[in-house]
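Chain residues, written in single-letter form:
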Amino acid sequence: MTEAARAADAARALRRRTRIFLVTAALALLAVILFRPIVIATSPVPPGRRIVLWHSQRGAEKDALEELIRAFNVDHAGELYVEPLNVPDGSMKDKLIRTVPRGGGPDVFIRPHNELGELVRDGVPRPLSPAALPFGEAEYLPGLLDGTTFAGVRHGAPLTYKALLLFYNTRLLPDGPPATIEELIQSRSTLPSGSYPLAYDATSFFFHAPFFLAAGGQVFAASDERFTVFEGPGAESFRLSGRLRADGVLPPEPTYNEMLRLFEGGQAAAIVCGPWYTPQGTIAASKEWGVAPLPSFEGRPLGSFVTVEAAFVSQSTTHPAEAEALVAFLAGERAQSLRFERLALPPVQSSMYGQGGELEASSSTLAGKLARAERLSLEHGQVTPNSTRMGAVWRPADDVLKASSAGRDVDAALEDARYALARVQTAAPPARGPALPGVLLACLLLLGTVLLVRQVRTDMAAPDVARSRLVGSWGRAALAYLAPGVVATFVLVLTPVVVAAGMSMFEYVEGRFVFVGLDNFRDILLPPLDRAFEARSFYFALGVTVLWTLLNVLLHLTLGVALALLLRPTWVRFRTGYRILLVLPWAIPNYITALMWKGMFNAQVGAINALLSPFGFEGFAWFDSFGTAFFANLVTNTWLGFPFMMVVTLGALTSLPKEVEEASILDGASRWQRLVHVVLPHIRPALVPSIILGSVWTFNMFNVVYLVSGGEPGSQTDILVSEAYRWAFERGQRFGYAAAYSVLIFAFLVLYGRMTRRAAKEEA
Amino acid sequence: MKVRPLEVVLVHLALLVASTAVIYPVLWVVRLALSPSGRLTESGALPIPDEVSLHSFSEFVFAQDFYGRPIFFIQLGNSLLVSGAATIIGVVFALSSAYGFSRFAFPLKNAGLRAMLLSQMFPAVVTAVPLLFLLDALGLFGTTAGLVLIYATSSVPFSIWMLKGYFDVIPRDLDESARLDGASSWIIFTRILLPLIRPGIGLTALFSFMSAYNEFIMASVFLDDVTRYTLPVTLQQSVGGFDPNWGVFAAGSLLLSIPVVAVFFFVQRQMVEGMTAGAVKG
């Protein structure tokens, strides 16, 4: 058979295989897509009014909630029914803020109380009438109602509360739980080597809070809501992590997962954790654990920040009476009992507790002991402040604790943290006059129109455009072809960009946008000189971002092109298999793989350290220094990014005609010469758009930096886009600031685009 | 052309090393998905599981909603529908515009192309808010159609750029000779150019599909009915809060990747084998 006939046969077979595949795929797809309408059509809709409940609960808590809802539905059958919607925890607040103020959203929602300030500011919850509270105010445990009250108005009904307590190892502490931390420290002498008296997440302010509060620390000054978290005795308490770690009381890496690992392996005498935790592993198998209230420290009893899980009615509900009835039910007697029996969650009525905080109903069961421990934690601690500014405290405080645990300079860390808070705390810039934005907008529109007209005139003078005008119908045809994509882009992509850019001249204060002109840019671009080149400043982040982009693109390109070339020769067997394997990093969602890489770089149990242990890498803390944390991000992003370049190169290589290559072989070119002078130049035009786009995406690659290094150490590995994110969501909702950062990112990339174009033109 | 055995060995070695390095983290995800406790407490250098349990997978696949309906399959359908529709719409729009940009001369052409590129440069963190406002103004908030529109239009600029590049590679002479034969621009577009850039279309479609399919941030804020959720939204529910369920997260992510790998498998065969047949003929 001739080669042409064989090829024609192969093409026919391919077409037939393709057809079969397409038909099967289409049928399967149809089946899957029609599944939903069929199921919906065949499920009955209950009669009565619909009350929508949004929550973020999972597992056993969700099951208990659904059981309660079903009971409520049975009680009210015919009049109304409750329909729950499960919302991912991280999206709930945004979802509420985006929907409720505009009339959408749920009737009732369940949320921990600490976001209440922000939710009230954005007009989400509806003030609760006394009817919705199932028990009288005095019946609630002290402090719980404060959590669900904001600006003097009650918004939510407490369902339960969660506080930190002590889990202890009954084998390592045969005399029972320690009454004081000092006692626990003393037990170090009786513990086997490799075990630690105490393990808790000493890098998290939430877990450190018991010590902070016992030392007399206060997050806000009582009088004016000024931040006082890094002042006074509270600030001193931050040094404790470092001290305890240096004394060998805390393990070398005092983090949450490490704490659980040590405890479950029987290597920690006591840990501080919350009621959501049930020990697993060896300690669970041998049942050698117990729960107890937090011990005292330096003579003062310890209590934690307490989270109140509460039910709220939303402003947009059209059935307020029914919604409140649901809230009262979910917070009421029956629900309290169910939660306690099923989930060991403590009830909220103070009458259920005796003098010593124990639950009168069942003090000796695990649930009873948990309740007692949490009750005492509440008594000695406080409900987490629900102020709108509380959100800005966590990260700076965590950073100070991390510095302390790592043995770095705590005073410098405190200074940094105070500065970070000061930037959040600055009184909102004075609103400029209302006429100014209007005038500015008019000027911009005028400028835009002038530039546009000038550009049109220049283009029209160009020879090829002039020619096409003469061939009339082609010009109109162009419009038809361009219209769909261009219109879609302008309306749904560019308009939001323009609006977001405009947002940079406003600041989001107390739920409203206030015009501040260029103040945001001034703050970002002109920081105090001594801070201008440190982490968290614009210039530092810019430098890190540029380095990040350059290295990544280089690596992606090199690896992608090299692997594509390796996969090119037809004699390579299992080519398809290799291609599938090598494209997996791209195919699997990067939120799981980025987290897996983070886990692999973990100092204690990470696979990377295990692999490199012959080289002495055991216990190496990758995220403790800029270079190694940056490296970890780089490795992860390279792993994620090279398949794209590889696939693009493979595509480009297929269009290289064989004859050209064969001609060069006949001319006597060596393999290397062929590569450099024939193959690479041919694929370059196809690669250039991908390289440009790839650089832009890498510049703005938020996921990897946020998930892998998390900006560690101390925001040093944060790139510009993750800084923008933090300003929007972690430092007090400074959306205008984040928008200003975005505009600067954009300006920088435009400049870069200009420079590369000029370079390309000069080359050509 | 003779191939030296040493070369074969070296190439295979390089590919094996690369594949192993690439698949290593994936194996850890698999181990996490198969672990009975849903946590990776013991570990070493090799992701070999001590105990294997499929309960994370079954928990994800056989999940039921409040009314006892098999929610995984419903949401799988949603994911495929939304991503598929967004890809088709986006690629069609982009193809048409890319043809216009590549083959026609008109004022503001370069400005338009730059605008496409510039739209990619603005971080999505802040554009999400105005976009949601816009959709609400259009009355599409919370609808599947609205989500499809968001995904389709956000992939258009990138697709236009990529496809224009593929169009540009084909010489203008082809157009000219067809025009001399009396072909209209539509005929040139559909009969002559489109078949030649099939690999480009495949690649662009794959990319659009993947971005839409894996996206969860917009979807979780936008959709308010559990029967309209896409799979990534439910996946995100298993983590977050105090006690994340990593096992289900890992299992779900692996299951989620299967359609993408399938689409890639199909596209890459089209890309490579379709083209070599054409090259010999030409």
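Reading guide: rules and limits
Residues numbered from 1 in each chain as written. Chains lettered and ligands numbered in written order. Predicted model: local features only at pLDDT ≥ 70, side-chain atom pairs only at ≥ 80, totals over all residues. Heavy atoms only, no water. Buried < 20%, exposed > 50% of the residue type's maximum accessible area, 1.4 Å probe, protein only. Helix = DSSP H or I, 4+ residues; strand = E, 2+ residues; numbered from the N terminus. Pairing = 2+ DSSP bridges. Contact = heavy atoms within 4.5 Å. Buried area = accessible area lost by both parts, 1.4 Å probe. Salt bridge = Lys/Arg side-chain N within 4 Å of Asp/Glu carboxyl O. Polar contact = N/O pair within 3.5 Å; in protein donor to acceptor, adjacent residues only side chain to side chain. Core = buried A, V, L, I, M, F, W, Y, C linked by side-chain atoms within 4.5 Å. Phe/Tyr/Trp six-rings, centres within 6.5 Å; stacked < 30°, edge-to-face > 60°. Axes fitted to C-alpha atoms, helices over the stretch in contact; angles between N-to-C directions. pLDDT = per-residue confidence, 0-100. Parallel < 35°, antiparallel > 145°, perpendicular 65-115°, else oblique. Left-handed = near helix turned anticlockwise from the far one by under 90°. Lys, Arg positive; Asp, Glu negative; His and termini not counted.

Quick notes on the pairing of strand 14 (residues 305-314) of chain A
Residues and elements named next belong to chain A.
Stage number 1. Along strand 14, ten of the ten residues are buried, which leaves the element largely enclosed by surrounding structure.
Stage number 2. Here strand 14 shows no split at all, with Phe 305, Thr 307, Glu 309, Ala 311 and Val 313 on one side and Val 306, Val 308, Ala 310, Phe 312 and Ser 314 on the other all buried.
Stage number 3. With five bridges connecting them, strand 3 (residues 108-112) and strand 14 associate as antiparallel partners. Paired with Pro 112 across the strands is Glu 309, a residue of strand 14.
Stage number 4. As judged from the six bridges shared by strand 7 (residues 156-162) and strand 14, these two strands associate in the antiparallel manner.

Notes on the interface of chain A and chain B
Stage number 1. Taken together, the contact between chain A and chain B spans 135 residues of the former and 137 residues of the latter.
Stage number 2. Buried surface at the junction of chain A and chain B, summed over both partners, amounts to about 12300 Å²; 75% is from carbon and sulfur atoms.
Stage number 3. If you look at where chain A meets chain B, you find one salt bridge.
Stage number 4. With a closest N to O distance of 2.2 Å, Asp136(B) and Arg102(A) form a salt bridge.
Stage number 5. The tally of links from chain A across to chain B stands at 21 residue pairs in polar contact (both at pLDDT 80 or more).
Stage number 6. Looking at the side of chain A that touches chain B element by element, the count peaks at 20 residues for helix 19 (residues 472-503) of chain A.

Topic: unusual backbone geometry
All names here are of chain A.
Stage number 1. Backbone torsion omega between Glu 712 and Pro 713 reads -10°, so that peptide bond is classified as cis.
Stage number 2. A positive phi is found at Ala 344, a non-glycine position, where the angle reads about 60°.
Stage number 3. In this structure, Ala 344 sits in the loop between helix 13 (333-343) and helix 14 (366-380).
Stage number 4. Relative accessible area serves as the criterion here: at 15%, Ala 344 is assigned to the buried category.

What about the nonpolar core?
Stage number 1. Among the nonpolar cores identified, the biggest contains 267 residues, and Tyr200(A), Phe238(A) and Ile271(A) are the most heavily contacted of them.
Stage number 2. Examining the composition of this core, we find that 13 residues originate from one element, helix 25 (residues 626-654) of chain A, more than from any other.
Stage number 3. In this structure Tyr200(A) touches Phe207(A), His208(A), Phe211(A), Leu240(A), Ser241(A), Leu244(A), Leu250(A), Pro254(A), Met259(A) and Val272(A), once residues within four positions along its chain are discounted.
Stage number 4. Within the second largest apolar cluster, 39 residues are counted, among which are Phe150(A), Ala310(A), Leu135(B) and Phe222(B).

Observations concerning the packing of aromatic side chains
Stage number 1. Scanning the entire structure with this criterion turns up 67 aromatic pairs over all chains.
Stage number 2. Each ring, one from Phe729(A) and one from Phe735(A), has its centre 5.9 Å from the other, and the planes form 80°; the classification is edge-to-face.
Stage number 3. Accessibility expressed as a relative area gives 30% for Phe729(A), which makes it partly exposed.
Stage number 4. An angle of 50° between the planes, with centres 6.0 Å apart, marks the rings of Tyr99(B) and Phe167(B) as tilted. Taken as a pair, Tyr99(B) in helix 3 (residues 71-103) and Phe167(B) in helix 6 (residues 144-169) lie far apart in primary sequence, 68 residues in all.
Stage number 5. For Tyr99(B), a relative accessible area of 2% corresponds to the buried category.
Stage number 6. Among the aromatic side chains, those forming a connected cluster through ring pairs are Phe205(A), Phe206(A), Phe207(A), Phe212(A), Phe230(A), Phe238(A), Tyr256(A), Phe305(A) and Trp394(A).

Section: the environment of Pro251(A)
Residues and elements named next belong to chain A.
Stage number 1. Along the polypeptide, Pro 251 turns up in the loop between helix 9 (240-246) and helix 10 (256-264).
Stage number 2. Distance from Pro 251 to Leu 262, taken between C-alpha atoms, is 8.9 Å for residues eleven residues apart in sequence.
Stage number 3. Setting aside residues no more than four positions away along its own chain, Pro 251 makes contact with Tyr 196, Leu 198, Ala 199, Arg 245 and Leu 262.

Quick word on the sheet that holds strand 11 (residues 289-292) of chain A
Residues and elements named next belong to chain A.
Stage number 1. A sheet is described by the order of its strands in space; here four strands give the open sequence 9-10-8-11, paired in mixed fashion. Of all the strands in the sheet, just strand 9 (196-199) and strand 11 have a single pairing partner and so form its edges. The average undirected angle you get between the axes of adjacent strands in this sheet is 20°.
Stage number 2. As judged from the four bridges shared by strand 8 (residues 165-169) and strand 10 (residues 268-273), these two strands associate in the antiparallel manner. When the sheet's bridge partners are listed, Leu 166 is paired in strand 10 with Val 272.
Stage number 3. Docked against the sheet, helix 14 engages strand 8 and strand 11, running at close to 40° with respect to strand 11.

Here we look at the confidence of the model for chain A
Stage number 1. Looking at chain A, the pLDDT average stands at 86 and 96% of residues meet or exceed 70.
Stage number 2. For chain A, per-element mean pLDDT is lowest for helix 18 (residues 463-470) of chain A, which scores 62, and highest for strand 3 of chain A, which scores 96.

Topic: the pairing of strand 10 of chain A
Residue and element names in this part refer to chain A.
Stage number 1. The buried count for strand 10 comes to six of six residues, which makes it a mostly enclosed element.
Stage number 2. Here strand 9 pairs with strand 10 via three bridges, running parallel. Within strand 10, the residue paired with Tyr 196 across the bridge is Ala 268.

With respect to the packing of helix 1 (residues 3-42) of chain A against helix 3 of chain B
Stage number 1. Viewed as axis vectors pointing N to C, helix 1 of chain A and helix 3 of chain B meet at an angle of 120°, and their least axial separation amounts to 8 Å. Relative to helix 3 of chain B, helix 1 of chain A is oriented oblique. Every pair of crossing elements has a handedness; the one defined by helix 1 of chain A and helix 3 of chain B is left-handed. On helix 3 of chain B, the residues touching Leu29(A), Val32(A), Ile33(A), Phe35(A), Arg36(A) and Val39(A) of helix 1 of chain A are Phe73(B), Ile74(B), Leu76(B), Gly77(B), Asn78(B), Leu80(B) and Leu81(B).

With respect to the side chain of Lys95(A)
Stage number 1. With respect to the element layout, Lys95(A) can be found in helix 3 (residues 89-99).
Stage number 2. Buried and unpaired, Lys95(A) has Asp224(B) as its nearest opposite-charge partner, separated by 6.1 Å.
Stage number 3. Among the polar contacts made by the side chain of Lys95(A), one reaches the main-chain carbonyl oxygen of Ser220(B) at a distance of 2.9 Å.

A few points about the confidence of the model for chain B
Residue and element names in this part refer to chain B.
Stage number 1. Taken residue by residue, chain B gives an average pLDDT of 85. The fraction at 70 or more is 93%.
Stage number 2. For chain B, per-element mean pLDDT is lowest for helix 12 (residues 246-281), which scores 73, and highest for helix 3, which scores 92.
Stage number 3. Among the scores for the predicted complex, ipTM is 0.88 and pTM is 0.88.

Regarding the pattern of salt bridges
Residue and element names in this part refer to chain A.
Stage number 1. Enumeration over the complete set of coordinates arrives at 29 salt bridges over all chains.
Stage number 2. The partner of Arg 111 in a salt bridge is Asp 89, with the nearest N and O atoms 3.1 Å apart. Of this pair, Arg 111 sits in strand 3 while Asp 89 sits in helix 3; the two residues are 22 residues apart in sequence, bridging distant segments of the chain.
Stage number 3. Under the relative-accessibility criterion, Arg 111 is labelled buried at 3%.
Stage number 4. Here Asp 411 ties to Arg 239 by a salt bridge, and the two come within 2.9 Å at their closest N and O atoms. You can see Asp 411 sitting in helix 16 (residues 410-425) and its partner Arg 239 sitting in the loop between helix 8 (232-237) and helix 9, a full 172 residues away along the chain.
Stage number 5. Note on Arg 239: relative accessible area 28%, which makes it partly exposed.
Stage number 6. Salt bridges sharing partners connect three or more residues here, namely Lys 62, Glu 66 and Arg 70.

Focus on the side chain of Ser91(A)
Stage number 1. Secondary-structure assignment places Ser91(A) in helix 3.
Stage number 2. We classify Ser91(A) as buried; its relative accessible area is 10%.
Stage number 3. Contact partners of Ser91(A), with chain neighbours within four places excluded, come to Ser220(B) and Val221(B).

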